[in-house]
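Listed here are the chains, written in short residue letters.
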Amino acid sequence: MREERFESLRLELLQSGVSPVYVERTILELTEHHSDLELAALESGLGAEEAARTARATLGDERAIAAAILAHPELLTFSMRYPRVAYCLQSAAAIGALPGLPLMFCIEHRPELARWAAAVGVAATLMGGVLATLNWLIVVPF
Amino acid sequence: MAQTNPPFLTGVPELLVLRMLSGREMYGYEIVKAMRLVTAEAIGFGEGVIYPVLHSLEEGGALKARRKSVNGRERVYYAVTTKGKRRLEHLSDEWKRVSLGVNSALNGNGAGGDPEHA
């Protein structure tokens, strides 16, 4: 797998809050670029090992690439760029979602709720029947 | 190890990338090759740092990107937008102004006169 070559860079970028879209694109482009450099080095007469080494050196150090990416805040995720705004929005969304949560719960657990309603209905009917019978026994004189 | 240039060249990669792409769409490796050719390798950098510049320009609306499969290779081609053309004009003017100033200083037209004969 060619892309394993930049796995540590991928992890570093994701952990630093770079947008996953740009992380994946960067890894793809670096992989292709490395292949082009390697091919050019092989065509110039270098051996496979030396060509790979030259390609890597020409592409540059992974730390330098990561630093260059992190120097562009516009490539970071929204929550990394504006942490306070993101925190406020998340809190507002959570508060806004609170009234809807019981409804969402009901929709998600429809079968259980139907069983519960049926059980309550049966229990209420039985209890009503028992109470009505007792009432009739007490009230109606023999 | 790839050569690097001092930090005062900030903005130059952006200018060069836009200039390279003003003629036709290219992918990263092509852009770097073109840059090395036209600058006679005067500007050294680790080639991998071209991608944050491209992505940043795309994010800013100066470039648009599209994926294309060529001979089994997945390429991301970049092209300049109208906004990018305006940005190129602005950066070119800025660079001409700065280089004129620096040349003027090097030719001894500064306030202190010729530094070699000060």
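What counts as what
Residues numbered from 1 in each chain as written. Chains lettered and ligands numbered in written order. Predicted model: local features only at pLDDT ≥ 70, side-chain atom pairs only at ≥ 80, totals over all residues. Heavy atoms only, no water. Helix = DSSP H or I, 4+ residues; strand = E, 2+ residues; numbered from the N terminus. Buried < 20%, exposed > 50% of the residue type's maximum accessible area, 1.4 Å probe, protein only. Areas by Shrake-Rupley, 256 points an atom, 1.4 Å probe, with all protein chains shown as cover. Patch = residues over 30% accessible without salt bridge, like charges linked within 9 Å, V, L, I, M, F, W, Y side chains within 5 Å. Salt bridge = Lys/Arg side-chain N within 4 Å of Asp/Glu carboxyl O. Contact = heavy atoms within 4.5 Å. Buried area = accessible area lost by both parts, 1.4 Å probe. Polar contact = N/O pair within 3.5 Å; in protein donor to acceptor, adjacent residues only side chain to side chain. Nonpolar A, V, L, I, M, F, W, Y, C, P; charged D, E, K, R; others polar.

J.: I would appreciate a short explanation of the overall build of chain B in the present structure.
T.: Check the secondary structure of chain B and you find 4 helices and 2 strands. Each helix and strand of chain B, placed in order from N terminus to C terminus, yields the pattern α-α-α-β-β-α. Counting over 118 residues, chain B shows a buried share of 41%. Just so you have it, chain B exposes about 7200 Å², and 54% of that area is on carbon and sulfur atoms.

J.: I'm lost on a nonpolar patch on the surface in this one. Help?
T.: On the surface, Met127(A), Val130(A), Leu131(A), Leu134(A), Trp136(A), Leu137(A), Ile138(A) and Val139(A) cluster together to form a nonpolar patch covering roughly 840 Å² of accessible area. Tracing the chain through its elements places Val130(A) in helix α8 (residues 110-139).

J.: Which parts of the structure should I look at to understand the interface of chain A and chain B?
T.: For an interface, size is often stated in terms of accessible area lost upon the parts coming together. With 24 residues of chain A at the interface, the matching set in chain B holds 26 residues. Both sides of the chain A and chain B interface together cover about 2100 Å² of buried area, and 55% of this is carbon and sulfur. When the area that chain A buries against chain B is broken down by residue, the three leading residues are Arg25(A), Glu29(A) and His33(A), summing to 26%. At the junction of chain A and chain B, the tally comes to 5 salt bridges. The closest approach of N and O atoms between Glu32(A) and Arg75(B), which form a salt bridge, is 4.0 Å. At the junction of chain A and chain B, the tally comes to 16 residue pairs in polar contact (both at pLDDT 80 or more). Broken down by secondary-structure element, the contributors of at least two residues to the side of chain A that touches chain B are α2 (20-43), α3 (48-59) and α4 (62-70) of chain A. Sorting elements by how many residues they give to the side of chain A that touches chain B places α2(A) first, with 12 residues. Of the residues contributing to the side of chain A that touches chain B, the split by class is 12 nonpolar, 6 polar and 6 charged.

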